[in-house]
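Below, each chain spelled out in residue letters.
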Amino acid sequence: MNHSREKRLYYANLVIDNPNLIPKLLDILFMVDDKISPRAAWVFEFMCGENLEAIIPYLDIFTENLHKVHLDSAVRPVAKVCEYLIKAFYGKTETKIKVALLPKHREKIIEACFDWMINDEKIAPKAYAMNSLFLLGYDYNWIHSELIIILERDYQMQSSGFKARARHILKKLEKKKL
């Protein structure tokens, strides 16, 4: 598989049409030292983008292992899936994710997001983590204060993309205080 959008979508739809392939896809994704892991992550991200509820039976496996992913090209899609889950959980639309995403799953996502924020990751995982943590902070009141500390501490050293997203999140956090 190459990394073209068409191929990722093709394989994502193949997995959606054959849900019995999801465990194998996750096995490959979590072979975290293998260069094929990011390819599985790309397909998994596209699958979740098309049909997020397909992940529900595998939330335990996904959240228990997501912290192991370390190759840059695999971290980004895994962080994006976390953002998909958190946005669905906090969104206005009623979804099965609201029932299925248990506190234990959210806590693993929180842990991974903070790791992405404080470790030397590229901007995309940090941006997805910022968004996820902002939303999670509505239920876990300690998150917002920690997020503010990290954003303000890292602001000067980060890229313009990080700064733009951080300003956006910090403005939202400021409005929330009022």
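Going by the structure above, here's the rest.
So, here is what we can say about the structure in this document. (Residues numbered from 1 in each chain as written. Predicted model: local features only at pLDDT ≥ 70, side-chain atom pairs only at ≥ 80, totals over all residues. Heavy atoms only, no water.)

### Topic: the nonpolar core
Okay, so step 1: If you look at the biggest cluster of nonpolar residues, it comprises 61 residues, and the most contacted ones within it are Phe-44, Ile-55, Phe-62, Leu-85, Ile-109, Trp-116 and Met-117.
Okay, so step 2: Ranked by residues supplied to this core, first place goes to helix α5 (residues 72-90) with 10 residues.
Okay, so step 3: In contact with Phe-62, not counting residues within four places along its chain, are Phe-30, Phe-44, Ile-55, Val-78, Val-81, Cys-82 and Leu-85. (Core = buried A, V, L, I, M, F, W, Y, C linked by side-chain atoms within 4.5 Å. Buried < 20%, exposed > 50% of the residue type's maximum accessible area, 1.4 Å probe, protein only. Helix = DSSP H or I, 4+ residues; strand = E, 2+ residues; numbered from the N terminus. Contact = heavy atoms within 4.5 Å.)

### Things to note about the layout of surface pockets
Okay, so step 1: Considering only enclosed or pocket space, the largest pocket measures out at about 260 Å³ in volume.
Okay, so step 2: Around the largest pocket, the lining comprises 12 residues; the ones closest to its centre are Tyr-11, Val-15, Leu-25, Ile-28 and Val-43.
Okay, so step 3: Sorting the residues of the lining of the largest pocket by element identifies α1 (5-17), α2 (22-29) and α3 (37-50) as the ones contributing at least two each.
Okay, so step 4: Taken together, the residues of the lining of the largest pocket break down into 10 nonpolar, no polar and 2 charged. (1 Å grid on protein atoms, 1.4 Å probe; cavity = no way out; pocket = protein on both sides within 12 Å on 5 of 7 lines; lining within 4 Å. Points joined across faces, edges and corners; volume = space filled by probe spheres on them. Nonpolar A, V, L, I, M, F, W, Y, C, P; charged D, E, K, R; others polar.)

### Regarding the packing of aromatic side chains
Pairs of aromatic rings are described using the distance from one ring centre to the other and the angle between the two planes.
Okay, so step 1: Within the structure shown, the criterion is met by 6 aromatic pairs.
Okay, so step 2: Ring plane angle 80° and centroid distance 4.9 Å describe the contact between Tyr-10 and Tyr-11, whose orientation is recorded as edge-to-face.
Okay, so step 3: Of the residues examined, Tyr-11 reaches a relative accessible area of 29% and is grouped as partly exposed.
Okay, so step 4: An angle of 50° between the planes, with centres 6.4 Å apart, marks the rings of Phe-30 and Phe-62 as tilted. Of the two residues, Phe-30 is situated in the loop between α2 and α3 and Phe-62 in helix α4 (residues 59-65); the sequence distance between them amounts to 32 residues.
Okay, so step 5: Following the ring pairs from residue to residue traces out a cluster consisting of Phe-30, Phe-44 and Phe-62. (Phe/Tyr/Trp six-rings, centres within 6.5 Å; stacked < 30°, edge-to-face > 60°.)

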